[in-house]
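Each chain, written out:
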Number of protein chains: 2
Amino acid sequence: MPQYTPPLRDMQFVLHELLDVETQLKALPQHAEIDAETIDQIVEEAGKFCSNVVFPLNQSGDEEGCTYAGDGVVTAPKGFKEAYQQYVEAGWPALSCDPDFGGQGLPELVNNVLYEMLNSSNQAWTMYPGLTHGAYACLLEHGTDEQKSVYLPKIVSGEWTGTMCLTEPHCGTDLGILRSKAEPNGDGSYAISGTKIFISSGEHDLAENIVHLVLARLPDAPAGTKGISLFIVPKFVPNADGSLGERNGIKCGSIEHKMGIHGNATCVMNLDGAKGWLVGEPNKGLNAMFVMMNGARLGVGMQSLGLAEVAYQNSLAYAKDRVQMRSLSGPKAKDKPADPIIVHPDVRRMLLTQKAYTEAGRAFCYWVGLMIDQEHGHPDEKVRKDSGDLVALLTPMIKAFITDNTFESTNLGLQVFGGHGYIKEWGMEQYVRDARINMIYEGTNTIQSLDLIGRKVLADGGAKLKKFGALVQAFIAENAGNDEMKEFIEPLMDIGDKVTKLTGEVAQKAMKNPEEVGAAAVPYLRVVGHLVYSYLWARMAKIALEKTTGANDFYATKLATARFYFAKLLPETAYQIRAARAGADTLMALDAEAF
Amino acid sequence: MPQYTPPLRDMQFVLHELLDVETQLKALPQHAEIDAETIDQIVEEAGKFCSNVVFPLNQSGDEEGCTYAGDGVVTAPKGFKEAYQQYVEAGWPALSCDPDFGGQGLPELVNNVLYEMLNSSNQAWTMYPGLTHGAYACLLEHGTDEQKSVYLPKIVSGEWTGTMCLTEPHCGTDLGILRSKAEPNGDGSYAISGTKIFISSGEHDLAENIVHLVLARLPDAPAGTKGISLFIVPKFVPNADGSLGERNGIKCGSIEHKMGIHGNATCVMNLDGAKGWLVGEPNKGLNAMFVMMNGARLGVGMQSLGLAEVAYQNSLAYAKDRVQMRSLSGPKAKDKPADPIIVHPDVRRMLLTQKAYTEAGRAFCYWVGLMIDQEHGHPDEKVRKDSGDLVALLTPMIKAFITDNTFESTNLGLQVFGGHGYIKEWGMEQYVRDARINMIYEGTNTIQSLDLIGRKVLADGGAKLKKFGALVQAFIAENAGNDEMKEFIEPLMDIGDKVTKLTGEVAQKAMKNPEEVGAAAVPYLRVVGHLVYSYLWARMAKIALEKTTGANDFYATKLATARFYFAKLLPETAYQIRAARAGADTLMALDAEAF
């Protein structure tokens with residue numbers, strides 16, 4: 001019942017008008033040849049694939065779910081395998097991969113655009129190739145030459161899929177206490193035993209082999225996070241010629257019954273002396289896994305961007321179609337028994353909230369995607385360093401800010417439908433259920449906020465935050481004399497000042513009481529997230545102001561959406577700043593038993 | 001897997017220490033004999049019934065759902081019928097009903113306490129008796145003597161259940177455009193035809209008969225809401241002796257597949273010349289139905305209060321049990337591999353948000369319950385009028401403020417569980433799914449906010465709001481010299497002033513542009529809701545200050561929760577006031593086509 005149309009116009013706006021990616025990519029030797037037109041063609045083709053092949057399986061996949069047939073066998077919902085085969089045949093898994101391993105060598109940014117559309121179409125399905133792309137990135141950076149030559153071509157082609165096996169029944173956030181063991185077999189391989197849970201895409205029928213990246217402890221490894229190593233544990237051990245060899249001792253024991261993402265198999269994986277090979281250095285497994293984890297965090301942001309877009313499209317269509325009550329300022333559709341509900345101010349609030357968050361989220365994700373390409377491929381070391389620092393700073397916000405906003409957006413989308421939003425047939429409630437996991441996995445949003453304030457801001461004395469601040473300052477300076485931009489520049493300056501002040505206050509308090517960091521973290525992330533969105537909306541407003549030719553063109557709408565953002569969404573910071581400032585006292589006052 | 005223990009201590013605190021219900025009820029002739037001890041005994045018994053009989057069916061009912069067997073036959077999940085029989089045999093349906101019709105004549109307030117616990121135990125199941133109680137209230141007020149004598153004894157005993165049939169495929173909020181028709185049969189009955197959708201408890205196997213209250217139009221009725229009449233349409237037409245006669249022409253055509261409340265049958269009801277009898281006056285059906293609707297709105301608040309409590313209990317238990325990471329201020333459970341997650345500030349924020357909203361919600365619901373008893377039974381007309389005015393003012397907040405807060409609370413409860421919160425087995429995600437409908441049905445929360453600002457505040461020039469303000473003023477005056485209360489009285493005064501100012505501003509703007517009312521409504525309701533909670537938390541804090549004997553007693557915890565509320569939740573108003581003030585301009589700027 002829901003519909004999805006790839007939002008090509010807004011994608012082009014972000015890629016070309018906001019980010020000027022053609023010029024930016026020309027500075028990167030490996031992408032110097034790509035022009036805007038090529039990117040648009042790829043995106044358009046990808047959009048057709050997503051909306052024609054992947055999207056039609058979203059509701060049926062939710063309804064059917066995955067099936068555990070016993071003895072480790074899991075099947076994905078009907079049609080998932082065939083769609084995946086088409087995906088592989090069309091070469092989409094290889095889009096942004098290294099040509100040395102069969103990749104097409106396109107920018108990661110372009111892959112991000114593909115993933116937005118895949119996730120709008122079907123988040124559960126997209127997790128199969130999504131985790132595979134994470135395994136690719138991890139092995140590319142940390143695998144041995146032999147590991148790369150055996151595994152990467154199959155992963156790049158999509159013939160084999162990947163997983164990340166971190167969580168155990170007693171540890172999710174706290175990987176320091178994980179127990180899975182790896183004993184040397186004496187031939188360079190290890191025998192790995194333990195139980196992993198919540199393994200997305202852990203077992204399925206989409207691909208002939210599954211490459212698990214597994215965290216485990218070597219004998220005599222130090223306790224805590226410094227004693228964790230990373231291993232490749234293939235479902236079938238590849239022979240020297242790349243053909244599939246013996247079935248390895250890693251097996252799915254059951255699958256979870258979940259609130260959403262029913263089409264993705266969330267597996268308990270039992271390892272019983274499974275053969276594994278060390279990736280990276282002993283006891284440094286978390287470092288290696290963080291490549292995959294950071295990619296996954298950005299990926300989760302893309303999941304929520306995708307869901308926000310498709311939920312918005314459908315609630316907008318409904319709001320234009322459904323007639324109910326008359327406008328408060330007099331009938332608008334006099335030929336109908338009532339007005340379309342889009343005339344009502346609060347329906348507009350719900351639609352514009354979705355729209356403003358979605359479009360800012362798109363600008364945010366693509367911008368970070370571009371910086372990832374710059375981090376990896378820019379000839380100037382300073383640009384690489386600066387891009388890397390900004391990506392590190394922004395990653396927890398991509399993950400937490402976008403997923404929180406999307407949970408609100410999908411819920412508003414549902415609400416626009418009234419009672420029909422609660423009915424499965426209309427599809428809106430699935431978006432809410434699917435969106436809900438994004439606030440949890442790959443590090444809960446609380447963990448993201450602690451990562452932001454602790455590791456990304458306070459740990460370097462605010463150096464990375466200042467790099468971002470310098471961009472904001474430069475934009476403000478650039479527009480100092482521009483009267484038309486005043487309505488955007490003033491609140492941007494204001495929120496920038498407030499972030500600076502709040503950061504200083506939290507840093508001060510944290511020196512006296514470390515609990516203050518934990519108390520401030522979540523509201524702090526929302527405040528800084530709004531600084532990012534204020535900056536992006538101000539930049540988008542500037543372009544819109546320059547290009548609009550009158551009411552109702554694309555730019556006029558962009559401008560109106562920017563104004564809505566500053567008037568109605570940014571003021572959330574007034575609350576969050578107060579909540580952050582209120583500190584730890586009222587949180588820590590009670591003993592656990594007194595709750 | 002989830003657990004539920006009736007929160008008797010906090011219930012007693014609200015009933016006896018906050019509201020002093022024994023004294024209050026003594027002033028009402030029909031309740032003058034009830035003492036606190038009797039109430040506590042009833043509540044305790046009710047709690048046993050809820051937790052032992054109704055609660056165990058919650059997860060299984062969600063998993064199984066209702067079944068449509070074809071030809072109008074619907075069965076509720078396993079065990080629902082037997083539990084309902086026990087409920088009827090124990091006399092719970094009659095608790096607060098009129099003794100003239102077999103009721104026990106207890107205060108409505110006591111029924112509210114029962115319903116909190118029923119809803120904590122199983123919202124879907126509770127909707128069967130819940131709607132029945134609404135039908136009781138409507139017929140008691142608007143039925144003829146004959147209708148009362150035929151229907152009420154069976155409804156009061158619970159042998160027959162009830163429904164409200166309002167919504168049609170093309171109209172939910174906008175009842176003015178409903179199409180169902182009622183043609184006189186010439187014998188005092190009417191032949192009613194039409195299609196009703198979203199009829200909760202519309203068909204099921206719990207009771208031998210179902211009494212539908214149906215809105216339809218008489219021939220030549222005026223268009224719009226002034227041409228709607230209300231009819232009793234029984235599933236089986238009762239014979240003169242009260243036995244069941246012919247099967248009536250109202251039949252379930254199908255049931256909906258929904259996000260939650262799976263155990264309650266949401267029915268399409270087809271009326272094909274079904275026999276109905278007019279309730280109240282012709283064309284005044286909406287007035288009569290509003291008795292049931294207002295009851296239902298309070299009932300939805302009680303549903304969300306119940307869900308918030310049970311979600312809190314379970315996330316609290318999990319937070320004490322689950323160990324993960326060390327406290328930021330040093331290990332707390334040195335004998336364990338990690339600390340219980342309740343040591344972490346943000347986990348406490350999530351728990352305390354649930355706790356503060358739940359306990360304020362309880363105070364709010366019981367207080368309004370008491371005022372309903374005063375409205376109906378106080379000998380002094382002024383008290384009846386004042387109580388009625390306050391109930392009218394507060395009803396949209398009971399509905400919208402509590403259901404919004406509970407959606408946040410149940411989501412926080414889920415989040416405390418991390419990945420496990422997303423797994424059905426743990427039960428937390430069901431609470432989120434069930435809670436979601438409460439923001440929609442019986443008038444969406446947008447409709448509630450329009451009711452508050454439009455009908456309840458602006459329509460009488462703020463008279464009802466001033467009545468509430470007078471209570472707040474009196475409490476402030478009473479505590480003027482109390483230094484210990486300053487920390488609560490100051491923010492209470494502040495939010496009171498802000499509500500006064502904001503109300504005036506919206507009223508001013510509304511005179512120039514009616515869209516301003518719609519633009520302000522939703523944030524306005526949140527601001528006034530927080531005024532109510534500030535008042536209730538200040539009152540509860542006062543009692544706690546007077547009674548606490550030291551750290552960790554019940555009152556110390558109450559005080560700490562009050563402080564948390566003022567420090568961390570009330571500041572949301574800083575956002576909502578800004579959002580309300582931002583007005584209609586940015587909402588109405590775009591043409592529908594330009595979105």
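As the structure is a prediction and not an experimental result, all values here were calculated from the model.

A. Structural detail: helix H5 (residues 80–89) of chain B. All names here are of chain B. Among the residues of H5, Phe80, Ala83, Tyr84 and Tyr87 are the ones counted as buried. All buried residues of H5 project into a common sector of 100° when viewed along the axis, lining one side. The inward-facing, buried residues of H5 contact helix H3 (36–54), helix H4 (58–64), helix H6 (108–121), helix H7 (123–142) and strand E3 (160–165). Remark: Gly91 follows H5 within two positions and exhibits a positive phi of approximately 80°.

B. Just the relation of the copies chain A and chain B, in detail. The two copies are related by a screw motion: chain A maps onto chain B through a turn of 180° and a shift of 0.0 Å along the axis, at an RMSD of 0.0 Å. When the rotation and shift are considered jointly, the pair of chain copies conforms to a two-fold rotation axis. A shared interface surface links the copies, since 100% of the contact residues of chain A are contact residues in chain B too.

C. Representation of the interface of chain A and chain B. Listed by partner, the interface residues are 90 residues for chain A and 90 residues for chain B. Interface area for chain A against chain B, summed over the two sides, is near 7,900 Å², with a carbon-plus-sulfur share of 63%. Three residues, Tyr422, Lys568 and Phe595 of chain A, lead the burial of chain A against chain B; their summed loss comes to 11% of the area buried on that side. Counting across the chain A and chain B interface gives zero salt bridges. Between chain A and chain B we count 46 residue pairs in polar contact (both at pLDDT 80 or more) in total. Looking at side-chain class alone, the side of chain A that touches chain B contains 48 nonpolar, 21 polar and 21 charged residues.

D. Representation of the packing of H6 of chain B against helix H10 (residues 345–377) of chain B. All names here are of chain B. Where H6 contacts H10, the axes come no closer than 7 Å and their chain directions differ by 150°. As the angle between them shows, H6 and H10 are arranged roughly antiparallel. Crossing handedness for the pair H6 and H10: right-handed. Contacts between H6 and H10 involve Glu108, Leu109, Asn112, Val113 and Glu116 on the former and, on the latter, Arg362, Cys365, Tyr366, Gly369, Leu370, Ile372 and Asp373. Classifying every residue of the contact of H6 with H10 by side-chain character gives six nonpolar, two polar and four charged.

E. Focus on helix H17 (residues 554–569) of chain B. Helix length check: H17 of chain B, at 16 residues, gives a terminal C-alpha distance of 21 Å against a target of 22 Å (1.5 Å per residue), a fit within 8%. Counting buried positions over the 16 residues of H17 of chain B gives 13, a clear majority of the element.

F. Representation of the pairing of strand E4 (residues 181–184) of chain A in the model. All names here are of chain A. As paired strands, E4 and strand E5 (residues 190–200) are joined by four bridges and run antiparallel to one another. Following the sheet pairing, Pro184 is matched in E5 by Tyr190. Counting the residues that bridge the hairpin from E4 to E5 gives five residues, and of these Gly186 lies at a positive phi of roughly 90°.

G. Representation of the pattern of salt bridges. Summed over the entire model, instances satisfying the criterion amount to 66 salt bridges over all chains. A salt bridge links Glu429 of chain B to Arg433 of chain B; its shortest N-O distance comes to 2.7 Å. Of this pair, Glu429 of chain B and Arg433 of chain B both sit in helix H12 (residues 428–438), separated by four residues, roughly a single helical turn. Note that Arg563 of chain B is salt-bridged to Glu487 of chain B, the shortest N-O span being 2.8 Å. Of this pair, Arg563 of chain B sits in helix H17 while Glu487 of chain B sits in helix H15 (residues 486–512); the two residues are 76 residues apart in sequence, bridging distant segments of the chain. Each of the salt bridges in this network shares a partner with another, and the network as a whole consists of Asp10, Glu116, Glu309, Lys355, Glu359, Arg362 and Lys558 of chain A.

H. Structural detail: the packing of aromatic side chains. Under the criterion given, the structure shown has 48 aromatic pairs over all chains. Consider the rings of Phe364 of chain A and Tyr533 of chain A, whose centres lie 5.9 Å apart with planes at 85°: the pair is edge-to-face. Remark: Tyr533 of chain A occurs in helix H16 (residues 515–547) and Phe364 of chain A occurs in helix H10 (residues 345–377); sequence separation between them is 169 residues. The same class applies to Phe364 of chain A and to Tyr533 of chain A, which are both buried. By the ring-pair criterion, three or more aromatic residues cluster together here, those being Phe49, Tyr84, Tyr87 and Trp125 of chain A. Positioned above the aromatic ring of Phe554 of chain A, the side-chain terminus of Arg9 of chain A is 4.1 Å from the ring centre. Just above the ring of Phe236 of chain B sits the side chain of Arg247 of chain B; from NZ or CZ to the centre is 5.6 Å.

I. Expanded view of the state of the cysteines. Residues and elements named next belong to chain A. Within the structure shown, the criterion is met by zero disulfides over all chains. No disulfide involves Cys50; its sulfur sits 15 Å from that of Cys365, the nearest cysteine. Exposure remark for Cys50: the relative accessible area of 0% places this residue in the buried category. Just so you know, Cys171 is unpaired, no disulfide at all, and the nearest cysteine sulfur is the one on Cys165, 13 Å from it.

J. Main features of the packing of helix H15 (residues 486–512) of chain A against H16 of chain A. Residue and element names in this part refer to chain A. Two numbers describe how H15 lies on H16: the axes approach to 10 Å, and their chain directions differ by 160°. Classed by the angle they form, the pair H15 and H16 counts as roughly antiparallel. The chirality of how H15 crosses H16 is left-handed. Taken together, the residues of H16 that come into contact with H15 (itself represented by Phe488, Leu492, Ile495, Gly496, Val499, Leu502, Thr503, Val506, Lys509 and Ala510) are Glu516, Val517, Ala520, Tyr524, Val527, Val528, Leu531, Ser534, Tyr535, Ala538, Ala541 and Leu545. Each residue belonging to the contact of H15 with H16 can be placed in one class, and the counts come to 17 nonpolar, three polar and two charged.

K. Region of the structure containing the environment of Gly103 of chain B. All names here are of chain B. In this fold, Gly103 is placed in the loop between H5 and H6. Relative accessible area serves as the criterion here: at 12%, Gly103 is assigned to the buried category. Separated by 12 residues in sequence, Gly103 and Gly91 place their C-alpha atoms 8.8 Å apart. Each residue touching Gly103, except ones within four places of it in the same chain, is listed here: Ala94, Cys97, Asp98 and Val156.

L. Representation of the domain arrangement of chain A in the model. Residue and element names in this part refer to chain A. Here chain A is described as being made up of domain 1 (8–151), domain 2 (162–283) and domain 3 (457–595). For domain 1 and domain 2, the distance between their C-alpha centres works out to 24 Å. Taken together, the 29 residues of domain 1 in the interface contact 29 residues of domain 2. Summing both partners gives a buried area of about 2,600 Å² for domain 1 against domain 2, and 68% of it is carried by carbon and sulfur. Applying the counting rule to domain 1 against domain 2 returns one salt bridge. A salt bridge links Lys251 to Asp71, with the shortest nitrogen-to-oxygen separation between them at 3.1 Å. Joining domain 1 to domain 2, the criterion identifies 13 residue pairs in polar contact (both at pLDDT 80 or more). For the side of domain 1 that touches domain 2, the secondary structure elements donating two or more residues are helix H4 (58–64), strand E1 (67–70), strand E2 (73–75), helix H5 (80–89), helix H7 (123–142) and helix H8 (145–157). With 10 residues, the single largest contributor to the side of domain 1 that touches domain 2 is H7.

Calculation rules
Residues numbered from 1 in each chain as written. Chains lettered and ligands numbered in written order. Predicted model: local features only at pLDDT ≥ 70, side-chain atom pairs only at ≥ 80, totals over all residues. Heavy atoms only, no water. Buried < 20%, exposed > 50% of the residue type's maximum accessible area, 1.4 Å probe, protein only. Helix = DSSP H or I, 4+ residues; strand = E, 2+ residues; numbered from the N terminus. Arc of directions from axis to C-beta. Contact = heavy atoms within 4.5 Å. Least-squares fit on C-alpha atoms with pLDDT ≥ 70 in both. Buried area = accessible area lost by both parts, 1.4 Å probe. Salt bridge = Lys/Arg side-chain N within 4 Å of Asp/Glu carboxyl O. Polar contact = N/O pair within 3.5 Å; in protein donor to acceptor, adjacent residues only side chain to side chain. Nonpolar A, V, L, I, M, F, W, Y, C, P; charged D, E, K, R; others polar. Axes fitted to C-alpha atoms, helices over the stretch in contact; angles between N-to-C directions. Parallel < 35°, antiparallel > 145°, perpendicular 65-115°, else oblique. Left-handed = near helix turned anticlockwise from the far one by under 90°. Expected span 1.5 Å × (residues − 1). Pairing = 2+ DSSP bridges. Phe/Tyr/Trp six-rings, centres within 6.5 Å; stacked < 30°, edge-to-face > 60°. Lys NZ or Arg CZ within 6 Å of the ring centre and 35° of its normal. Disulfide = S-S within 2.5 Å. Domains from an automatic or database assignment.

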